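Single-letter residue listing:
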Amino acid sequence: MDDVINIAVALLLLTGGFFIFVGSVGLMKLPDFFTRLHAPTKATTLGIGSVLMASMLLTSLRDGGLSIHELVISLFLFITAPVSAYMMAKAALHKKVEPLQRTRQRELSSRITRRQPPE
Amino acid sequence: MKAVFPMPLHSALLLLVWLLLNGFSAGQLVLGLFLGWLIPLITAPYTDHQSRAGKPLLIGRYILRLLWDILVSNIEVARRVLGRNRKLNPGFIAYPLALTGDFPLTVLASTISLTPGTVSVDFSEDKRWLYIHALHIDSEDAIISDIRQRYEQPLREIFSC
């Protein structure tokens, strides 16, 4: 039984590590601010989610009973990650950060800043 | 009653979460009760009182679907991130909203940000358009109808609006 849980924990940690790594790579290599914005918001969801699930399994096994801390942490992450992404995108538009040249509907960005509907 | 506890349900939830995080003891109970009283008092003026979420079954289905979508599309985005930049087709999308109410709109915008590949950027002033930035667009219509069917329709049923 212990072995099964240990293997599951190891697999979860590996998956989590992989997705957090991909998030960091994306932060480094994606071409402009708005595409880079995608990388960290995603790494938190699946990457941190897997790590937290591993932690939950392991602490539940060690202490007996269900460890609830991790569930609360992931709930908070799920609530706060979109808000920070939204604030960053809004700030970038107000600072007139240029989107990539080939961004589709690039001309929308000035309308978004002024919160106008599209034409 | 209303003046002291503007949102009794929120107070109870805050107390519950506080005790879950800190463990149960007399001191934590007092502190949790105090925070459960104080925080709703401060935040009550900013909350959206009109929208009521009903239908717990639908909410459960919505959350499960969201978790599944996060899993599937994370893999898809990981592939795009590790692929060549030249193949990326990022872009802005104006999404026409049918949903109304501040809280339902917040849930929709957060859902869109949580599912990989799309980030909600802002609403238009009249709250009839949601601007989205997408990491890769194959077809704008596909993304819009996807959001409409998978998230907006269920949300409209949940909040009955």
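A. Layout of the pairing of strand E1 (residues 91-96) of chain B. All names here are of chain B. Among the six residues that make up E1, five are buried, leaving the element largely enclosed by the rest of the structure. Note that E1 and strand E3 (residues 129-134) share six bridges and pair antiparallel. Counted as the bridge partner of Gly-91 is Ala-134 from E3.

B. Region of the structure containing the confidence of the model for chain B. Residues at a pLDDT of 70 or more form 97% of chain B, whose mean pLDDT is 86. Under the prediction, the complex receives an ipTM of 0.83, its pTM being 0.84.

C. Region of the structure containing the packing of helix H4 (residues 102-114) of chain B against helix H5 (residues 140-158) of chain B. Residue and element names in this part refer to chain B. With their axes 10 Å apart at the nearest point, H4 and H5 run at an angle of 150° to one another. Relative to H5, the element H4 is oriented roughly antiparallel. In the packing of H4 onto H5, the handedness of the crossing is right-handed. Packed against H4, whose contacting residues are Pro-104, Val-107, Leu-108, Thr-111 and Ile-112, the element H5 presents Ile-147, Tyr-151, Glu-152 and Leu-155 at the interface. A class-by-class count of the residues in the contact of H4 with H5 yields seven nonpolar, one polar and one charged.

D. A look at the domain arrangement of chain B. Looking at chain B, the domain boundaries give domain 1 (8-46) and domain 2 (56-158). Just the C-alpha atoms count here: the centres of domain 1 of chain B and domain 2 of chain B sit 32 Å apart.

E. Broad picture of the interface of chain A and chain B. Opposite the 38 residues of chain A that make contact, chain B presents 37 residues. When contributions to the side of chain A that touches chain B are tallied by element, the ones reaching two or more residues are helix H1 (2-29), helix H2 (33-36), helix H3 (38-63), helix H4 (69-94) and helix H5 (108-113) of chain A. Looking at the side of chain A that touches chain B, the element that brings in the most residues is H4 of chain A, giving 10 residues. Taken together, the residues of the side of chain A that touches chain B break down into 23 nonpolar, 10 polar and five charged.

F. Spatial organisation of the nonpolar core. One finds Ala-89 of chain A together with Leu-108, Tyr-131 and Ile-132 of chain B to be the most contacted residues of the largest nonpolar core, which totals 47 residues. If you tally residues by element for this core, the top one is H4 of chain A, at seven residues. Discounting residues that sit within four places of it in the chain, Tyr-131 of chain B has contacts with Leu-108 and Ile-112 of chain A together with Phe-92, Ala-94, Val-121 and Asp-122 of chain B.

G. Geometry of the pairing of strand E2 (residues 118-123) of chain B. Burial analysis of E2 of chain B places five of its six residues in the buried class, which makes it a mostly covered element. With antiparallel pairing between neighbouring strands as the criterion, E2 of chain B and E3 of chain B make up a hairpin whose turn holds five residues, including Lys-127 of chain B at a positive phi of roughly 60°.

H. Representation of the environment of Met-1 of chain A within the structure. All names here are of chain A. In this fold, Met-1 is placed in the segment before H1. Owing to 6 C-beta atoms within 10 Å, Met-1 belongs among the exposed residues under this scheme. It is 55 Å that separates the C-alpha atoms of Met-1 and His-94, two residues lying 93 residues apart in sequence.

Procedures and definitions
- Residues numbered from 1 in each chain as written.
- Chains lettered and ligands numbered in written order.
- Predicted model: local features only at pLDDT ≥ 70, side-chain atom pairs only at ≥ 80, totals over all residues.
- Buried ≥ 20, exposed ≤ 12 C-beta atoms within 10 Å, placed from the backbone.
- Helix = DSSP H or I, 4+ residues; strand = E, 2+ residues; numbered from the N terminus.
- Pairing = 2+ DSSP bridges.
- pLDDT = per-residue confidence, 0-100.
- Axes fitted to C-alpha atoms, helices over the stretch in contact; angles between N-to-C directions.
- Parallel < 35°, antiparallel > 145°, perpendicular 65-115°, else oblique.
- Left-handed = near helix turned anticlockwise from the far one by under 90°.
- Contact = placed C-beta atoms within 7 Å.
- Nonpolar A, V, L, I, M, F, W, Y, C, P; charged D, E, K, R; others polar.
- Domains from an automatic or database assignment.
- Core = buried A, V, L, I, M, F, W, Y, C linked by C-beta atoms within 7 Å.

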